[in-house]
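So the chains spell out like this:
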Amino acid sequence: MTTMDQPLVVGADGSEPSLRAVDWAADEAALRGVPLRVVYASLWERYEGTALSADLAKPSEDVLADDIVEAAARRARDRHPDLKISAEVLPEEPEYALVSEGRRASALVVGTRGRSGLAERLLGSVSLSVAAYADCPVIVLRGGHDNRATPGTRGRVLVGVGEEAKDSPAVRFAVEEARRRGVPLEAVRAWRCPAHESTDHPLMAGEPARLHHERAVEALEEALQDLPADVEVHRSTVEGHARRVLVDASHRADLLVVGAKRRDGHFGLQLGRVAHAVLHHSACPVAVVPQRA
């Protein structure tokens, strides 16, 4: 399957966050020129209306599932009439269903939390699990995205440049997103000077910090080699924890892109501290792009 054949997949469960995700995903699929696939994992919630299920001669959970997925697909079709859209109910838990769908998708789009999300939780467990395990980029719709992939309200795509900067999948993804939108790319590299490297000697004052800053500049340049000429790039090196630096910068972006290492045979969430933090605190949608370690 070629990239152009791979659909953009969005998870729908009937909640307001998931409906906003459907809107955003429809815009993104139209922007990419790929089909949109709407999926509903029917184990998200059981339908309890026996009268309706009897009238339709369907099991009660199938009634709710069909209603949700059909309404979501219709919403996307009304937004982009020419967009190729498919929809399916999957009899699985949402985490497993969406991760499985990601193996054949160009990207996955999910809301921050679904119908069972508690108000005080920063990010739903489904969104977090999908971002941690999917084989394709996962876009979690945090912050003030106004239900639209385009036009953006802030007019830029932001990417965090990590330790392994050369040929970074996250940077490649961010470059393509900036090109599609016709907006500048802001590449940020955070750096810190550990306390144990400081010195009181007057001739060495500031030397460790200068070296760390120079390394950050080098990493940024390495990550941005061979960029397309039609992409405007703003480079930024900022002293501080990467988590804080990227969350602060997310207030001026329409999309924040970060990488996440995937290690074969590793159990537990495969996100890293930076990706985990921005998923909880970013002021804009976050794209988590997997990279095999």
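What counts as what
Residues numbered from 1 in each chain as written. Predicted model: local features only at pLDDT ≥ 70, side-chain atom pairs only at ≥ 80, totals over all residues. Heavy atoms only, no water. 1 Å grid on protein atoms, 1.4 Å probe; cavity = no way out; pocket = protein on both sides within 12 Å on 5 of 7 lines; lining within 4 Å. Points joined across faces, edges and corners; volume = space filled by probe spheres on them. Helix = DSSP H or I, 4+ residues; strand = E, 2+ residues; numbered from the N terminus. Nonpolar A, V, L, I, M, F, W, Y, C, P; charged D, E, K, R; others polar. Pairing = 2+ DSSP bridges. Axes fitted to C-alpha atoms, helices over the stretch in contact; angles between N-to-C directions. Contact = heavy atoms within 4.5 Å. Buried < 20%, exposed > 50% of the residue type's maximum accessible area, 1.4 Å probe, protein only. Salt bridge = Lys/Arg side-chain N within 4 Å of Asp/Glu carboxyl O. Left-handed = near helix turned anticlockwise from the far one by under 90°.

> Help me out: how do you make sense of the layout of surface pockets in this one?
If you roll a probe as big as a water molecule over the atoms, it shows you where there is empty space left. Volume-wise, the largest pocket comes out at about 1100 Å³. The wall of the largest pocket is formed by 38 residues, among which Gly162, Glu163, Arg189, Ala242 and Val274 lie closest to the centre. Secondary-structure elements contributing two or more residues to the lining of the largest pocket are α6 (169-181), β7 (185-191), α7 (207-223), α8 (242-249), β9 (255-262) and α9 (273-281). Its residues assigned to classes, the lining of the largest pocket comprises 18 nonpolar, 11 polar and 9 charged.

> Would you mind showing me how to read the sheet that holds strand β4 (residues 107-110) here?
Where strands meet in a sheet, backbone hydrogen bonds hold them as pairs that are either parallel or antiparallel. Across the sheet, 10 strands lie side by side as β3-β2-β1-β4-β5-β10-β9-β6-β7-β8; this open sheet has mixed pairing. Strands with a single pairing partner mark the edges of an open sheet, and in this sheet they are β3 (85-90) and β8 (233-239). Each adjacent strand pair in this sheet contributes to an overall mean axis angle of 25°, direction not counted. Two strands pair when backbone bridges link them, and strand β6 (residues 157-160) and β7 are joined in this way by 4 bridges, in the parallel orientation. Within β7, the residue paired with Val159 across the bridge is Ala187. Here helix α1 (residues 16-32) sits on the sheet in contact with β1 (8-11), β2 (36-41), β4 and β5 (138-140), set at roughly 175° to β1.

> Please explain α9 as it appears in this structure.
Residue pairs three or four apart in sequence face the same way in an α-helix, which turns once every 3.6 residues. Turning to α9, its buried residues number three or more, namely Ala275, Ala277, Val278, Leu279 and His280. The inward-facing, buried residues of α9 abut α5 (125-133), β5, α8, β9 and β10 (286-292).

> What is the right way to read the pattern of salt bridges from this model?
When their charged atoms lie close together, side chains carrying opposite charge are able to pair. Under the definition given, this model contains 21 salt bridges. The residue Glu88 makes a salt bridge to Arg37 at a minimum N-O spacing of 2.5 Å. In this pair, Glu88 sits in strand β3 while Arg37 sits in strand β2, placing the two residues 51 residues apart along the sequence. Judged by relative accessible area, Arg37 falls into the buried class, the value being 15%. One salt bridge connects Glu177 with Arg181, and the closest N-O pair in it is separated by 2.3 Å. Here the residue Glu177 and the residue Arg181 both occupy positions in helix α6, the gap between them amounting to 4 residues, near one helical turn.

> How do you make sense of the packing of helix α4 (residues 94-102) against α5 when you look at a structure like this?
Two quantities define a packed helix pair, namely the angle between the helix axes and the distance between the axes. In contact at an axis separation of 9 Å, α4 and α5 are set at 35° when each is read in the N-to-C sense. In this structure, α4 meets α5 at a crossing whose hand is right-handed. Between α4 and α5, the contacting residues are Pro94, Glu95, Leu98 and Val99 on the first element and Ser125, Val126, Ser129, Val130 and Tyr133 on the second. Taken together, the residues of the contact of α4 with α5 sort by class into 6 nonpolar, 2 polar and 1 charged.

> Whenever I open this one, the pairing of β4 confuses me. Can you help?
For a regular strand, the rule is simple: side chains alternate between the two faces of the sheet. Residues Ala107 and Val109 of β4 are buried on one face, and the alternating residues Leu108 and Val110, pointing to the opposite face, are buried as well. Inspection of the sheet shows β1 paired to β4 by 3 bridges, in the parallel sense. Across the sheet, Leu8 pairs through a bridge with Ala107, a residue of β4.

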